[in-house]
Amino acid sequence: MKRIFIFITILFLGWNLAGQDLHFSQYNQAPMSLNPALTGAFNGKHRIGANYKSQWYHISEAYLTYGIAYGLGILRNSGKGGFLGIGLQFYNDVAGVNKLGTMQENLSVAYHLPVSSRNIISAGLSGGFTQRSIRKDKMQWASQYDPAYSDGFNPALTPGEPAPFGTMNVGDFSAGLLWTYSKPATAAGENNAKKVQAGWALYHINRPKQTYYDIADKKMFMKMALHVNSYIGFWNTSLALVPSAVWYHQGPSNEILAGALLHIGLSGPSLAGTQRETSLSLGAYYRINDAVIACAQFEYRNFLLGLSYDVNTSELSAASKYLGGLEVSLRYCVPLPESKNSSLF
C-alpha cells in the first residue's frame, strides 16, 4: 500500500510540475530568473552565478535543477543618467524517472534610471527559447503490464501511444519592473544603511506550447511574480537583518516563500573597493504548505557561497520522511572601484 501511495504521489507531482516553472529556494541568488528588471542591478562591474538543486531523491530518482548566469552593467559613466544591464542565462531541469527535461537559454536587458538621490526605477525584458524533452524508453504504460514479469512491466509490448515524444522547442518572453531605495551608511563603520527592493515580473507572455499531443492545444500559463527584499543595518554593530518574500501565481498554482537572514559582518571591504566585505548570513524561509528551508551564506573576497536545505512539510512528507532537497549557489562579483562607485544597488 505504501508503494502505491508513493507511486501515485510522484505521478501527480510529475504531471503537475510539467506545467510549472523551475525555481530555486535561494531565489535571490538567481535574480534574472526572478525578474528581468534585476539584470545588471548589482553593485559591481560583472557578476556570474551558478545554482544547483537536488530534491526528492529519497522517494524517486532525484529532480535536478542547475544553471549559470552572467550579468554586467554598461554606460555607467555616461553622466548622471541611467545605465543598461545585459545578462545571459542557461538553466536545465531533469525531473523523475522519465527524465522530463526543461532547458532554457535567455538573453535579458534592463534599463536602470535614478529618479532621485536614493531611488531607482528599472524595467527589463527577457527572451530566448525553451527545449522540452522526455525519455520515451523510460516510460511504462498500462498496456505493457505483463503478470509474467516480476515488476509487472514488459518493455517488449507496444504502448500504443500516438504522441511523438522527443524534443520540443518554443520561444519564451518575459518582462518586469523594479523599484530600489537605498540609504547609505552615514559614516564608515556605522552600519546603519537601509535598502529596499520591490518588483513585479510577468513570464511566458507569448504562452508557449507545452504538450506533445496535437489533440489538445494546451499552452503554458503566464506566470506573475511579486517580490520584495530589504537590508536593515543595525547602527554601530556588525549585524543586519535581510528579510525577503516572493509570491508566484501561475494558472491554478500559487506559491509564497518568505523568510529572513541575519547578516554578520566579519570584516569590512578593502579601502580601494576591489574586495567586498567578509560576512556570514544565517536564517530560514518558509514555503507555505510545502517546506521549511534552512539557509546559510558565506561571502569572502567577492565570492558568495550559499547552502540551503528544504525540509518537506507537505502531504508528500509521508513518503519523503521530511527530506526535501539540497540547494547550492555560488556567485562571483567584480566590484566597482571605490573612486567610481556611485551605485545605489
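Conventions we followed
- Residues numbered from 1 in each chain as written.
- Predicted model: local features only at pLDDT ≥ 70, side-chain atom pairs only at ≥ 80, totals over all residues.
- Heavy atoms only, no water.
- Helix = DSSP H or I, 4+ residues; strand = E, 2+ residues; numbered from the N terminus.
- Buried < 20%, exposed > 50% of the residue type's maximum accessible area, 1.4 Å probe, protein only.
- Contact = heavy atoms within 4.5 Å.
- 1 Å grid on protein atoms, 1.4 Å probe; cavity = no way out; pocket = protein on both sides within 12 Å on 5 of 7 lines; lining within 4 Å.
- Points joined across faces, edges and corners; volume = space filled by probe spheres on them.
- Nonpolar A, V, L, I, M, F, W, Y, C, P; charged D, E, K, R; others polar.
- Core = buried A, V, L, I, M, F, W, Y, C linked by side-chain atoms within 4.5 Å.
- Salt bridge = Lys/Arg side-chain N within 4 Å of Asp/Glu carboxyl O.

1. As for the side chain of Asn191
Next up, step 1: Looking at the secondary structure, you find Asn191 in the loop between strand E6 (167-183) and strand E7 (194-203).
Next up, step 2: Take Asn191: its relative accessible area is 18%, and that puts it in the buried class.
Next up, step 3: Ignoring anything within four residues of it in the chain, the contact list for Asn191 reads Ala185, Tyr231, Gly233, Phe234, Trp235, Thr237, Ser238 and Leu239.

2. A closer look at empty space enclosed by the protein
Next up, step 1: Summed over all chains, the structure comprises one cavity of 30 Å³ or more.
Next up, step 2: In this model, the largest cavity occupies a volume close to 250 Å³.
Next up, step 3: Going through the elements one at a time, helix H2 (31-34), strand E3 (83-95), strand E4 (100-114), strand E5 (119-133) and E6 are the ones with two or more residues in the lining of the largest cavity.
Next up, step 4: Grouping the constituent residues of the lining of the largest cavity by class yields 10 nonpolar, nine polar and three charged.

3. Here's the deal with the nonpolar core
Across soluble globular proteins, nonpolar side chains have a tendency to be buried as a group.
Next up, step 1: If you look at the biggest cluster of nonpolar residues, it comprises 19 residues, and the most contacted ones within it are Tyr27, Leu34, Val246, Tyr248, Leu257 and Tyr285.
Next up, step 2: Counting only elements with at least two residues in this core, the list comes to E7, strand E9 (239-250), strand E10 (253-267) and strand E12 (291-300).
Next up, step 3: When near neighbours in sequence (up to four residues on either side) are disregarded, Leu34 contacts Tyr27, Asn28, Ala201, Tyr203, Ala225, His227, Val246 and Tyr248.
Next up, step 4: In terms of nonpolar packing, the next biggest core, distinct from the first, is built from six residues, Phe24, Ala30, Ala69 and Tyr91 among them.

4. Brief notes about the pattern of salt bridges
Next up, step 1: If you walk through the whole model with that rule in mind, you get six salt bridges.
Next up, step 2: Of the charged contacts in the structure, one is a salt bridge between Glu327 and Lys53, with a shortest N-O distance of 3.7 Å. Within this pair, whereas Glu327 is found in strand E14 (residues 323-334), its partner Lys53 is found in strand E1 (residues 46-55), the two being separated by 274 residues in sequence. Accessibility classification places Glu327 together with Lys53 in one group, the buried group.
Next up, step 3: With its nearest N and O atoms 3.2 Å apart, the salt bridge here joins Asp310 to Arg287. Residue Asp310 is found in strand E13 (residues 303-312), and its partner Arg287 is found in strand E11 (residues 278-287); the two are separated by 23 residues along the sequence. Both residues of the pair, Asp310 and Arg287, count as buried.

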